[in-house]
Amino acid sequence: MFTDQPEARQLRRSGDDKMLAGVAGGIARYLNADVTAVRVIIAALALFTGAGVAFYIAAWLLIPGDGEDQPVAAAWLADCRDRFR
């Protein structure tokens, strides 16, 4: 059955538009926003509150990258689980 609903967007870290881990590029693509604006917001949060650093690290760990099945944290946990079996 076909519907006229647009395809659901997925939040993923960008593989093309990245400076560090692709977090800002992925968020900008998801929000259909300018990547520079997203980077400025993250940098301002990092400079003025410190929350930007925590947010960026959490996003890097929890948002899967383009072409990846799982986020970095899930892959790391699975690797640790396999080592202790």
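This one's a predicted model, so the numbers in the text were calculated from it and none came from an experiment.

For the rest of this paragraph, the subject is the nonpolar core. Counting residues in hydrophobic clusters, the biggest one holds 11 residues: Ala21, Val23, Ala24, Ile27, Ala28, Val35, Val38, Ile42, Tyr56, Ala59 and Ile63. Residue contributions to this core peak at 4 residues, all from helix H1 (residues 23-31). Not counting residues within four places of it along the chain, the set of residues in contact with tyrosine 56 comprises Leu20, Ala21, Gly22, Val23, Ala24 and Ile42.

Examined against the element boundaries, serine 14 turns out to sit in the segment before H1. Polar contacts involving the side chain of serine 14 include one to the main-chain amide nitrogen of aspartate 17, which spans 2.8 Å. Apart from residues lying up to four places away in sequence, serine 14 is in contact with Ala21, Gly22, Gly25, Gly26, Arg29 and Asp66.

Turning our attention to the packing of aromatic side chains. Scanning the entire structure with this criterion turns up 0 aromatic pairs. The cationic tip of arginine 9 hangs over the ring face of tyrosine 30; the distance from NZ or CZ to the ring centre is 4.8 Å.

Below, the discussion takes up the environment of isoleucine 42. Along the polypeptide, isoleucine 42 turns up in helix H2 (residues 35-48). By relative accessible area, which is 11% here, isoleucine 42 ends up buried. Put simply, isoleucine 42 and tyrosine 30 are 12 residues apart on the chain and 16 Å apart in space, counted from C-alpha to C-alpha.

Here is what the cut-offs are and how they apply
Each chain has its residues counted from 1, following the order in which its sequence is written. Under the rules for a predicted model, residues below a pLDDT of 70 receive no local features and side-chain atom pairs below 80 are neither given nor counted, while totals for whole chains, interfaces and linings still include all residues. Hydrogens and water molecules were not included; the side-chain quantities draw on all heavy atoms of the structure. Only buried residues count toward a nonpolar core. Its members are Ala, Val, Leu, Ile, Met, Phe, Trp, Tyr and Cys residues joined through side-chain atoms within 4.5 Å. Between buried and exposed lies partly exposed: a residue is buried under 20% and exposed over 50% of the maximum accessible area for its type, with that area taken using a 1.4 Å probe on protein chains only. Every helix listed is a DSSP run of H or I at least four residues long, and every strand listed is a run of E at least two residues long, numbered separately from the N terminus. Residues count as neighbours in contact if any of their non-hydrogen atoms are within 4.5 Å of one another. In protein, a polar contact requires one atom able to donate a hydrogen and another able to accept it; more generally it is a pair of N or O atoms within 3.5 Å, and residues adjacent in sequence count only if both atoms are side-chain atoms. Stacked, tilted and edge-to-face are the three classes assigned to paired rings of Phe, Tyr and Trp, where Trp is represented by its six-membered ring and a pair needs centres within 6.5 Å; plane angles under 30 degrees give stacked, over 60 edge-to-face, the rest tilted. Both a distance and an angle decide whether a charge sits over a ring: NZ of Lys or CZ of Arg must be within 6 Å of the ring centre and within 35 degrees of the ring normal.

Fair warning: the whole summary comes from geometry, so function is off the table for now.
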